[in-house]
Amino acid sequence: MQIRETNLRFTRRLVNRRTTTQIVIHHTASGDVSADTVHSWHLRKAGWGGIGYHYLIRSGGDIERGRPEKVRGTHAARANSTSIAIALSGNFSQTRPTPRQMDSLVWLIRDIRSRYSSPGKPALAVVRHADLSATECPGLLFPWNELHRLLRQTPGAG
Ligand SMILES: [Zn+2]
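In short, a report on the structure. (Residues numbered from 1 in each chain as written. Predicted model: local features only at pLDDT ≥ 70, side-chain atom pairs only at ≥ 80, totals over all residues.)

## A closer look at the overall build of the protein chain
- Scanning the protein chain for helices and strands turns up 3 helices and 6 strands.
- Radius of gyration (C-alpha) of the protein chain: 15 Å, near the 15 Å computed for a compact globule of 158 residues.
- Dimensions of the protein chain, computed from the C-alpha atoms along their principal axes, are close to 45 × 40 × 30 Å.
- Here the protein chain holds 158 residues, and the buried ones make up 30% of them. (Helix = DSSP H or I, 4+ residues; strand = E, 2+ residues; numbered from the N terminus. Rg over C-alpha atoms; globule rule 2.2 N^0.38 Å. Buried ≥ 20, exposed ≤ 12 C-beta atoms within 10 Å, placed from the backbone.)

## As for the nonpolar core
- Judged by nonpolar contacts, the single largest core of 20 residues is most densely connected at Y53, L56, I57 and I86.
- Listed by contribution, the elements that provide at least two residues to this core are β2 (22-27), α1 (35-43), β3 (55-57), β5 (83-88) and α2 (99-115).
- Among residues more than four places away in sequence, those in contact with I86 are I23, I25, H26, Y53, H54, Y55, I57, L105 and L108. (Core = buried A, V, L, I, M, F, W, Y, C linked by C-beta atoms within 7 Å. Contact = placed C-beta atoms within 7 Å.)

## Some words on α2
- Between its terminal C-alpha atoms α2 stretches 25 Å, which fits the 24 Å expected from 17 residues at 1.5 Å a residue.
- Looking at the buried side of α2, the elements it contacts are β2, β3, β4 (63-65), β5, β6 (125-128) and α3 (144-152). (Expected span 1.5 Å × (residues − 1).)

## Some thoughts on the pairing of β5
- With 6 of its 6 residues buried, β5 lies for the most part within the structure.
- Neither face of β5 is open: one carries S83, A85 and A87, the other I84, I86 and L88, and all of them are buried.
- Relative to β5, β2 runs parallel, the two being bridged by 6 bridges. Residue pairing in the sheet places I23 in a bridge with I84 of β5.
- Relative to β5, β3 is paired through 3 bridges, and the arrangement is parallel. Across the sheet, Y55 pairs through a bridge with I86, a residue of β5. (Pairing = 2+ DSSP bridges.)

## Some remarks on unusual backbone geometry
- Each neighbour pair has its own omega, and for C137 with P138 the value is 10°, a cis peptide bond.
- Positive phi values are uncommon outside glycine, yet N7 reaches one of about 50°.
- Mapped onto the elements of the fold, N7 is located in the loop between β1 (3-4) and β2.
- Within the chain, R78 stands out as a residue other than glycine whose phi angle is a positive 75°.
- Topologically, R78 is positioned in the loop between β4 and β5.
- Residue R78 is classed as exposed on the basis of its C-beta count, with 9 C-beta atoms lying within 10 Å.

## As for the environment of T37
- Within the element layout of this structure, T37 appears in helix α1.
- Remark: the alpha-carbon pair of T37 and V106, spanning 69 residues in sequence, is separated by 24 Å.

## Here we look at the sheet that holds β6
- Ordered by their spatial adjacency, 6 strands build an open sheet running β1-β4-β3-β5-β2-β6, and the pairing between neighbours is mixed. Only two strands of the sheet have a single neighbouring strand rather than two, namely β1 and β6.
- Where β2 meets β6, 4 bridges bridge the pair, whose relative direction is parallel. Bridging from a neighbouring strand, Q22 pairs with A125 of β6.

## So, the environment of H54
- Examined against the element boundaries, H54 turns out to sit in the loop between α1 and β3.
- The class for H54 is buried, based on 26 C-beta atoms found within 10 Å.

Read these as spatial facts, not as claims about activity.
Rendered as structure tokens:
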């Protein structure tokens, strides 16, 4: 699996995060949309400068880059300076993510965790947007327990 580069242009200077402790999962609350489309939505939000998420996973499982991984996102109040945001396209208040999206999500979380791991340091926590803010995001049908079960499996064994 790999990450598709999108080369989006941001209208604000992006600032590097100093600390990274969490990965926050979102949905787009829409149909299947590209990172480019979400970028155009977020460009209209004052002060965001472009797509707020670092990654977008399409219904077919493709992973698209949003903003660079090392910079602050704009996706969850109070957690922006300490977290990386992954959004899955779709509305999981109405449907579930596709199996390909879930496969890509597990791969991407492992990939990110491998870049932020060091001896004696706990793995980055994986949380829902709803765990941080008053929102349903990533939707009540998002299979949260299944995600954590998949993350506990040995890579390649399932
Ligand atoms: Zn969200």
